[in-house]
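Secondary and tertiary structure notes
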Amino acid sequence: MDLKMSLKRRIRVGIDVGGTFTKAVALDAKTGSILSKSTVPTTHSAEKGVSKGIVQALSNILEESKINVNDIELISHSTTQAINALLESDTSKVGILAMGVGPSKKDVVKRTNLQDMSNTHHGIHSFHEFLDTSHLITEKEVEEAILRLKSQGAQVIVATEAFGVDDPSNELFVMNRSRKFDIPSTASHEISGVYGLEIRTLTAAVNASVLPKTFQVANYVEDAIRKIGITAPLMIMKGDGGVTNMDTFRTKPILTVLSGPAASVAGALLYLKVTNGIFVEVGGTSTNICIIKNGKPEIRYVTVNEHPTCIRSMDVRILGVAGGSMVKLSQNRVSKVGPRSAHIAGLKYSCFAEPEILKTGKIVFVKPKENDEEYVAIQCENEMFAITNTCAANALQLIEKDDYSYANPESAKIALKLLGDYMKVSYHEVAMSIIQTASFEITKTITNIMKEFKLSSSTKIIGGGGGASVLVPFVAKQLGLSYEKAEHADVISSIGVASSMLQEEIEQTMDDASPEKIALVQKKIHTMLVDKGAIPESIVIDSEYVSEKSLLRVTAVGNVELDSADNSKNIFTLDDAKKRASEIINLSENLIDLSYETDHYFVFTGHIEVKKLFSKKNQHHILILDRYGKLKLSLKNAKIFLGGKISVLEELDDFLESRHSEIAPKIFLLNDLKLVDYSSLTSSSKIIDAVREELEVSEKAAVLIEL
């Protein structure tokens, strides 16, 4: 039995649902190798939506690789469902049931009544009711309010109360009564722990507006996967690069906004182990651009259709130009490429057609959607074809033979010659004009990113997606930057989904961030991850206190692999970690030492000699990386105390006393489970008490002090 268990394969399946294609990969979780991959058109218009394409792609890889479904330990997928519903205004009407004490009614109504927003054409239609909670609200009151909202047209309910973050009982009570009438509901405290009533209510309303749609899709996908006979956990990608279970998608779909773009960045981070660079993923319909700095993506608050939210996601810039983008003419010149793609128009790329068929063609103009402007196409005897960026790049012979985007160069040249003859220019000139026009927005966006983040000319551009070679090398050349194509570029998003880890974040308004309060939030997020399938000993917790906002932000990452000790592709070896530390500090590896190590962290010290006017001074740059290569802490000049709890506490106490100052420096504690930030505590005595309490449950630890 033990031998059978050891021989059992551990397979992860990642499925990325893109605007044009749905791509699936099967990964060996122990070696990181790809066992099989499949690409099928995304089934937007099917009766059961994108779930049909997901099942098709999954069935293809099962058939091709002969994988035993019992060997699959996890299936993860990205989704465009929430963002598409919001962008296309395919949303449900929201009934907001606001609560507060009588005297504050005017203020609560003002801050929660979003009906004015209905006139801004951003797709959220809402109705409003107020309940006075200065007395104990009754079932009858709540049910009557829900029915009034329903009679106005509300299809979903948002329960929101001032200070509902501290005491959510009334919001939960409203949700409970909504269930009686079979109406989906969201409570504002579930979405965010931030006190701001307006932003919390608005975010909850945006979330509620897509609940019915995503609930249906979640059920379709789950039912379809189970019918194949797969019993492994089914996860979904979030916008911050982590994965979560399907129940979260059913109740908090807003967390999956930007799920698709996050998948490609996760692939770059976890599989390619990119430390610094700009990752550009070119699909068939859109291009996603994200900065990776010190092994981490930038994270920001999401704005959806001009609605600000308190949901944080990867900072991904999305452009409506890609490998399948079609061409528009104005005054017989290429005026624009995209945003419509061949997929939206229901046309094949001309570069993939047979040369003999194309020779019969002539230039025509088509509208991909009824209200669109006209785009160029080629009408042949029995079929119509699109001229795309991929066609232009193949005509210019920019694509290598083994590339995903490689097509018949002869067909591409015939297509571009037809357009060139129509415009009275050479095929080469029109092809170059298409690539230049398409690349302009990408080049401009990358230039802005480089200015925004003060990046140097040594920044590398990494190309991913099936259309990477169509546009990204040209963009890199225009900008004078080095270029690298991602390994398995065509399915890097699916790899990212398969490789990703469970990730959660809690933001909570907290005026007094005492160690006890921080510990409670850390315990809460640890429990959340365990409940969602993370291995307890793999969970890494980080805390950050933003003093100017009185905001505590706690993030946690956990591995869902069954055997986290195995060296799979997304877990860093010591050599991997040291190399990344060298890249981040910009210091030779032989000047970097491993100072401390736990099951989840590496602590490196870089020894830097700083030249003064008449002397030299040594500084110690301390860097903490987790086992996945993510930068957790960087202190340019710091001191570290290591050892058992008694010796660490004594050394810390002696050091703080020697400073003769009541204002304590920034101090961090690292034990096997978490990194604790005490920078919100300014008193030496409070820090000693907090560290002593944390060391009660740690055999050994490291204390880091910024100098």
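Okay, so let's go over this structure. Keep in mind it's a predicted model, so treat the numbers as computed, not measured.

**Examining the overall build of the chain**
On a plain count of helices and strands, the chain comes out with 22 helices and 35 strands. Out of the 707 residues belonging to the chain, those deemed buried represent 56%. The contacts in the chain between residues at least 6 apart in sequence include a share of 65% that link residues at least 24 apart. On the chain, roughly 30,500 Å² of surface is accessible, and the fraction owed to carbon and sulfur atoms is 50%.

**Brief notes about the sheet that holds strand β31 (residues 631-635)**
Read from one edge to the other, the open sheet built from four strands follows the order β28-β29-β30-β31, with strand pairing classed as antiparallel. Edge positions in the sheet fall to β28 (592-597) and β31, since each has one partner strand and no second. Looking at each pair of strands side by side, their axes are set apart by 25° on average, direction ignored.

**Side note on the packing of aromatic side chains**
Geometrically, a pair of aromatic rings is defined through the distance of the ring centres and the angle of the planes. Throughout the structure, instances matching the rule amount to four aromatic pairs. Across from the ring centre of Y404, 4.8 Å away, lies the NZ or CZ of K23, which sits over that ring.

**Considerations on the packing of helix α15 (residues 409-423) against helix α16 (residues 427-452)**
Packing of α15 against α16 leaves a shortest axis separation of 8 Å and a crossing angle of 100°. The angle between α15 and α16 falls in the class roughly perpendicular. For the pair formed by α15 and α16, the contact residues are K413, L416, K417, L419, G420 and M423 on the first element and Y427, V430, A431 and I434 on the second.

**Side note on helix α20 (residues 574-585)**
The end-to-end C-alpha distance of α20 is 16 Å, a good match for the 16 Å that twelve residues give at a rise of 1.5 Å each. Listed as buried for α20 are A577, R580, A581, S582, I584 and I585. Elements that come into contact with the buried residues of α20 comprise β28, β29 (601-611), β30 (616-626) and β31. Downstream of α20 by a residue or two, N586 has a phi angle that is positive, lying close to 60°.

**Quick notes on the side chain of H621**
Topologically, H621 is positioned in strand β30. Side chain to side chain, H621 and S634 meet in a polar contact 2.8 Å long. Discounting residues that sit within four places of it in the chain, H621 has contacts with I585, F604, T605, G606, I608, S634, L635 and K636.

Reading the values: rules and limits
- Residues numbered from 1 in each chain as written.
- Predicted model: local features only at pLDDT ≥ 70, side-chain atom pairs only at ≥ 80, totals over all residues.
- Heavy atoms only, no water.
- Helix = DSSP H or I, 4+ residues; strand = E, 2+ residues; numbered from the N terminus.
- Buried < 20%, exposed > 50% of the residue type's maximum accessible area, 1.4 Å probe, protein only.
- Contact = heavy atoms within 4.5 Å.
- Areas by Shrake-Rupley, 256 points an atom, 1.4 Å probe, with all protein chains shown as cover.
- Pairing = 2+ DSSP bridges.
- Axes fitted to C-alpha atoms, helices over the stretch in contact; angles between N-to-C directions.
- Phe/Tyr/Trp six-rings, centres within 6.5 Å; stacked < 30°, edge-to-face > 60°.
- Lys NZ or Arg CZ within 6 Å of the ring centre and 35° of its normal.
- Parallel < 35°, antiparallel > 145°, perpendicular 65-115°, else oblique.
- Expected span 1.5 Å × (residues − 1).
- Polar contact = N/O pair within 3.5 Å; in protein donor to acceptor, adjacent residues only side chain to side chain.

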